[in-house]
Amino acid sequence: MKKLRKIDLWIVVPYILLLGIGIVMVYSASFYNALVAGGKTDQYLIKQAIYAVLGLFLCYITFMLKEKILKNQRILSIVMLVTVLSLFYLLARAYLVPSSRINGASAWINLGFFNFQPLELSKLFLIMFLALVLTNKQNRLIKKQGWREVFREVFQPLIVVGSIIIMVLLQPDIGGALILSLITLVLVSSSTIPGRLIAELSGTLLVLFTSMIVVITKFPPGFVKHNYAYQRFLAMQHPFLLEQKAGAQLVNSFYAISNGGIFGVGLGNSIQKRGYLPEPHTDFIMSIVSEELGFVGVALILGLLLIMILRMISLGFRSKKTYNSLVYYGVATMILAQIILNVGGLLGLIPLTGVTLPFISYGGSSMLILSVALGIVLNLETTAKFEKMKKR
């Protein structure tokens, strides 16, 4: 109970509010399609409520663990093994049984009662793994003055990280691979590697990424033109010209956002969820929020998410422990990257990637992993508070 009294309410309160909003919006966005498909109108509502309650439970359990358990290398090795094997299984299944792909990708493992998405576990593993490795090597990294020396120090962990990112990319899941890459870049940049080297790395990656986009856009190779990711890129540029093809989802998202205005058309009254937007309770749930609750509803959700993110970044700045700071930054990056990819895609600012909105979109894997991640953040922060009290 003493630990609960010190819990960070700037994270807990937005988290609980978002869980409640997510349950309501998943029901509102899904009941029509569920009814048309011959199912129960509340089937997604019940599942999302179960995921939310289970997420709260896992968040509490993680929060109450001793800090040394979070840093236990044996446990981390087990998580790594599960992550790598599950990703390898997806690739092998997609190759051997092409019909197992859903929407062109092999990203879920059906456990009967639950569809497990290894990508979500990969995000949390990368944060915990890199935070521990970079902390253990912090004294050696700070002395390195060249990339060759730094590379020798981080070669083995980067092999693990690179392998996971490549396997996610091959699913194919470009959005997921991008999130993992951003988490890696932020944690490496926040480590004790000299700032000059980080600036060189960031500049090089920016030039390479920009050049790749320009080349693919202006001179697309033949094998790329029919790729689903390239079609989504074209749809972002010319949604209305491709309305009957790749641009259909984006155009209907625009309609939903436009219909909502400032205050929305009312909860449950969305038109675009009635067969126009595919899977409105997952990737496009923010479009439905915009249509039904308007700009006010969108601002509320994004505001709550922003409070959590800024709080974690603030904790990272103030923490005197490298490990804690890296975990805070990693979890904040994970949530922020998902928001940018989801909302940016719905607005046509970036290609659609199929990334869900944290705590709002329907889905068990995302909800449970995000809840565990918040439990870890709350655990580290509360433990740090008790340590400060003991020193006084």
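Definitions and cut-offs
- Residues numbered from 1 in each chain as written.
- Predicted model: local features only at pLDDT ≥ 70, side-chain atom pairs only at ≥ 80, totals over all residues.
- Heavy atoms only, no water.
- Helix = DSSP H or I, 4+ residues; strand = E, 2+ residues; numbered from the N terminus.
- Buried < 20%, exposed > 50% of the residue type's maximum accessible area, 1.4 Å probe, protein only.
- Contact = heavy atoms within 4.5 Å.
- 1 Å grid on protein atoms, 1.4 Å probe; cavity = no way out; pocket = protein on both sides within 12 Å on 5 of 7 lines; lining within 4 Å.
- Points joined across faces, edges and corners; volume = space filled by probe spheres on them.
- Nonpolar A, V, L, I, M, F, W, Y, C, P; charged D, E, K, R; others polar.
- Lys, Arg positive; Asp, Glu negative; His and termini not counted.
- Salt bridge = Lys/Arg side-chain N within 4 Å of Asp/Glu carboxyl O.
- Polar contact = N/O pair within 3.5 Å; in protein donor to acceptor, adjacent residues only side chain to side chain.

With that settled, the discussion passes to the environment of Ala235. Within the element layout of this structure, Ala235 appears in helix H12 (residues 228–237). A residue is classified by how much of its surface remains accessible, and Ala235, at 3% relative accessible area, is buried. Expressed as a C-alpha distance, the spacing of Ala235 and Pro351, which sit 116 residues apart in the sequence, is 7.5 Å. In contact with Ala235, not counting residues within four places along its chain, are Leu242, Ala246, Gly247 and Leu250.

Applying the stated criterion across every chain yields a total of 1 cavity of 30 Å³ or more. Taken as a whole, the largest cavity holds about 40 Å³ of empty space. Lining the largest cavity are Thr356, Leu357, Pro358, Phe359, Ser361, Tyr362, Gly363, Ser366 and Met367. For the lining of the largest cavity, a count of residues per class yields 5 nonpolar, 4 polar and no charged.

Attention now moves to the side chain of Asp173. With respect to the secondary-structure elements, Asp173 resides in the loop between helix H8 (147–169) and helix H9 (174–189). Within the buried core, Asp173 has no salt-bridge partner, and the shortest N-O distance to an opposite charge, that of Lys123, equals 7.4 Å. At 3.4 Å, the side chain of Asp173 and the backbone nitrogen of Gly175 are in polar contact.

Time to look at the environment of Lys123. One can find Lys123 in helix H6 (residues 118–136). Since its relative accessible area comes to 2%, Lys123 is described here as buried. For the pair Lys123 and Ile183, spaced 60 residues apart in sequence, the C-alpha to C-alpha distance is 7.9 Å. Ignoring any residue separated from it by four or fewer positions in sequence, one finds Lys123 in contact with Ile179, Leu180, Ile183, Met334 and Gln338. Here Gln338 takes part through its side chain, which lies 2.8 Å from a polar atom of the side chain of Lys123.

Without other data, these values stay purely geometric and don't point to any function.
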